[in-house]
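Each chain is listed here by its residues.
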Amino acid sequence: MTDQPLSDLDVAHAMADAARAVILPYFRAHDLSADNKDAAGFDPVTQADRAAEEAMRAVLARHRPQDGIWGEEFGQSRGDSGRLWVLDPIDGTRGFISGTPTWGVLIAVGPEGQGPDLGMIDQPYIQERFWGNAGGAFCRGPAGLSRLQTRAARDLGAAILFTTFPEVGRSQDRAGFEAVGNAVQLVRYGMDCYAYALLAAGQIDLVIEAGLNAYDIQGPLAVIEAAGGIVTDWRGGAVHQGGQVLAAANADIHASALKRLSPFAG
């Protein structure tokens with residue numbers, strides 16, 4: 001008996017389920033160790049990161065063997081379909097090893113060389129899964145299934161801004177972040193990919209980051225856009241390959257933040 005064909009969304013759910021199963025036994029384990037991938041700083045990777053990506057790749061080998069894969073831990077595998085899956089098995093490994101539930105599994109797929117047309121953010125520990133595609137944006141969690149919609153327009157002075165780190169990339173990036181941060185009502189730090197999920201859910205207005213890779217942003221990008229938001233670089237251009245990221249709940253707040261950020265782009 002052969003497997004029935006699955007939609008890309010079904011495949012993404014299967015991958016997120018597989019990643020959950022292998023990651024959770026490691027979370028908040030007292031004997032969890034981490035290797036450092038960055039000799040100049042601290043960029044941790046754990047056995048959970050590697051096991052999760054292996055589990056997701058196994059799902060793709062079964063259901064999408066013709067597609068390409070770009071994963072954080074095991075690099076790029078070429079396909080011949082023109083479709084590319086972009087995976088971050090644990091986005092926010094620093095949070096993961098610290099025990100905070102702000103990390104998540106990121107999945108995206110779309111035409112190779114272009115932006116994603118489907119994205120997913122899964123937080124295994126609190127069992128919340130956010131996804132978005134042409135059919136809309138949704139969250140499934142302890143409260144059930146709900147449709148996602150970003151926040152309505154408001155003045156920048158009434159906005160909530162999130163970022164992963166208080167130190168954003170280079171000094172130039174930091175200055176750009178502060179140009180917006182000094183103008184908003186509230187700034188929160190250290191949120192990892194969960195910040196993007198909250199933006200899609202209508203809880204906050206802006207996420208600003210720098211130095212991202214494609215696998216850091218493609219999943220969140222597709223979820224936020226499906227929920228009605230905008231995700232660009234600091235010049236207002238495409239950002240699916242990473243770099244300086246501005247994610248906004250709507251066109252008005254995006255324009256307000258971009259005006260302050262653009263002098264620091266590049």
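These numbers come from a predicted model, not from an experiment. Per chain, residues are indexed from 1 in the order of the written sequence. Thresholds applied to this predicted model are a pLDDT of at least 70 for local features of residues and 80 or more for the giving and counting of side-chain atom pairs; totals over whole chains, interfaces and linings are not thresholded and use all residues. Side-chain calculation: all heavy atoms of the structure are included, whereas hydrogens and water are not.

In this description a helix means any DSSP run of H or I spanning at least four residues, a strand means any run of E spanning at least two, and both kinds are numbered starting from the N terminus. Scanning the protein for helices and strands turns up seven helices and 15 strands. By the compact-globule yardstick of 18 Å for 266 residues, the protein fits well, its C-alpha radius of gyration being 18 Å. Its C-alpha atoms give the protein principal-axis dimensions of about 60 × 40 × 35 Å. Think of it in three bands: residues with accessible area under 20% of the maximum for their type are buried, residues over 50% are exposed, and the middle band is partly exposed, with areas taken using a 1.4 Å probe on protein chains only. Across the 266 residues of the protein, 54% fall into the buried class. Pairs at least 24 residues apart make up 61% of the contacts formed inside the protein by residues separated by at least 6 positions. Accessible areas in this description were obtained via Shrake-Rupley with a 1.4 Å probe; residue shielding takes into account the shown protein chains only. For the protein, the exposed surface amounts to about 11,500 Å²; the carbon and sulfur share of it is 49%. If the 21 positive side-chain charges of the protein are averaged to one point and the 32 negative ones to another, these points end up 4 Å apart. Atoms counted for the radius of gyration: C-alpha only. Globule rule: 2.2 Å times the number of residues to the power 0.38. Here, two residues are considered to be in contact whenever any of their heavy atoms come within 4.5 Å of each other. Note that His is not counted, nor are the chain ends; the positive residues are Lys and Arg, and the negative ones are Asp and Glu. Where a charge sits is defined by one atom per residue type, namely NZ (Lys), CZ (Arg), CG (Asp) or CD (Glu).

Among the residues of helix H7 (residues 251–261), those classed as buried are Ile 253, His 254, Ala 257, Leu 258 and Leu 261. Along the axis of H7, the buried positions cluster into a sector of 130 degrees, meaning they face one direction only. Buried residues in H7 make contact with helix H4 (171–181), strand S13 (206–213), strand S14 (230–232) and strand S15 (242–248). A side-chain oxygen of the first residue of H7 lies 3.2 Å from the backbone nitrogen of Asp 252; this N-cap is Asn 250. This arc is built from the directions going out from the helix axis to the C-beta atoms. Polar contacts here mean pairs of N or O atoms no more than 3.5 Å apart (in protein, one a potential hydrogen donor and the other a potential acceptor; neighbouring residues in sequence count only if both atoms are side-chain atoms).

All right, on to the side chain of Asp 233 then. Mapped onto the fold, Asp 233 is located in the loop between S14 and S15. Take a side-chain nitrogen of Lys or Arg and a carboxyl oxygen of Asp or Glu: if they are within 4 Å of each other, that pair is a salt bridge. The side chain of Asp 233 sits in the buried core without any salt bridge; Arg 235 is the nearest counter-charge, 5.6 Å away. Dropping the residues within four chain positions of it, Asp 233 is found in contact with Ala 238, Val 239, Gln 244, Leu 246 and Leu 258.

This brings us to the packing of aromatic side chains. Classification of ring pairs rests on two measures: the distance between centres of Phe, Tyr or Trp rings, Trp counted by its six-membered ring, which must be within 6.5 Å, and the angle between planes, read as stacked under 30 degrees, edge-to-face over 60 and tilted in between. According to the stated counting rule, one finds eight aromatic pairs in the structure shown. Between Phe 27 and Tyr 125, the ring centres sit 5.0 Å apart and the planes meet at 65 degrees, which makes this aromatic pair edge-to-face. Taken together, the positions of Phe 27 in the loop between helix H1 (8–23) and strand S1 (34–36) and Tyr 125 in the loop between strand S7 (118–123) and strand S8 (128–133) put the pair 98 residues apart, joining distant regions of the chain. The class for Tyr 125 is partly exposed, based on a relative accessible area of 40%. A ring pair is formed by Phe 130 and Tyr 194, whose centres lie 6.2 Å apart and whose planes are at 75 degrees; its orientation type is edge-to-face. Taken as a pair, Phe 130 in strand S8 and Tyr 194 in helix H5 (residues 194–200) lie far apart in primary sequence, 64 residues in all. Judged by relative accessible area, which is 15%, Tyr 194 ranks as buried.

Two elements, S8 and strand S9 (residues 136–141), share five bridges in a ladder whose sense is antiparallel. Counted as the bridge partner of Arg 129 is Arg 140 from S9. Only strands joined by at least two bridges in the DSSP assignment are considered to pair. Between the end of S8 and the start of S9, which pair antiparallel, lie two residues.

Attention now goes to helix H2 (residues 47–63). To estimate the expected span of a helix, count its residues, drop one, and scale the result by 1.5 Å. A rise of 1.5 Å per residue sets the reference length of H2, with its 17 residues, at 24 Å; its end C-alpha atoms lie 25 Å apart and thus fit the reference within 8%. Three or more residues of H2 are buried, namely Ala 48, Asp 49, Ala 51, Ala 52, Glu 53, Ala 55, Met 56, Arg 57, Val 59, Leu 60 and His 63. Regarding H2, its N-cap is Thr 46, as a side-chain oxygen of that residue lies 3.1 Å from the backbone nitrogen of Ala 48 further along.

With that settled, consider the packing of H4 against H7. Only the stretch in contact is used when fitting a helix axis, every axis being a line fitted to C-alpha atoms; angles between N-to-C directions are given from 0 to 180 degrees. Contact geometry of H4 with H7 gives a least axis separation of 8 Å together with a crossing angle of 135 degrees. Between H4 and H7, the angle is such that the two are oblique. Of the two elements, H4 crosses H7, and the hand of that crossing is right-handed. Residues Gly 176, Phe 177, Ala 179 and Val 180 of H4 touch H7, and the partners they reach there are Ala 257, Arg 260 and Leu 261. The classification used treats Ala, Val, Leu, Ile, Met, Phe, Trp, Tyr, Cys and Pro as nonpolar, Asp, Glu, Lys and Arg as charged, and all other residues, Gly among them, as polar. When its residues are assigned to classes, the contact of H4 with H7 shows five nonpolar, one polar and one charged. Small angles under 35 degrees read as roughly parallel and large ones over 145 as roughly antiparallel, with 65 to 115 read as roughly perpendicular and the rest as oblique. Each helix crossing is assigned a hand: it is left-handed if the near helix lies turned anticlockwise from the far helix by less than a right angle, otherwise right-handed if that turn is clockwise.

A pair of packed helices is characterised by two quantities: the angle between their axes and the separation of those axes. Relative to each other, H1 and H2 sit at 150 degrees, their axes nearing to 8 Å. The pairing of H1 with H2 is recorded here as roughly antiparallel in orientation. H1 and H2 meet at a crossing whose hand is right-handed. For the pair formed by H1 and H2, the contact residues are Val 11, Ala 14, Met 15, Ala 18, Ala 19, Val 22 and Ile 23 on the first element and Ala 48, Ala 51, Ala 52, Ala 55, Met 56, Val 59, Leu 60 and His 63 on the second. For the contact of H1 with H2, the residue count by class is 14 nonpolar, one polar and no charged.

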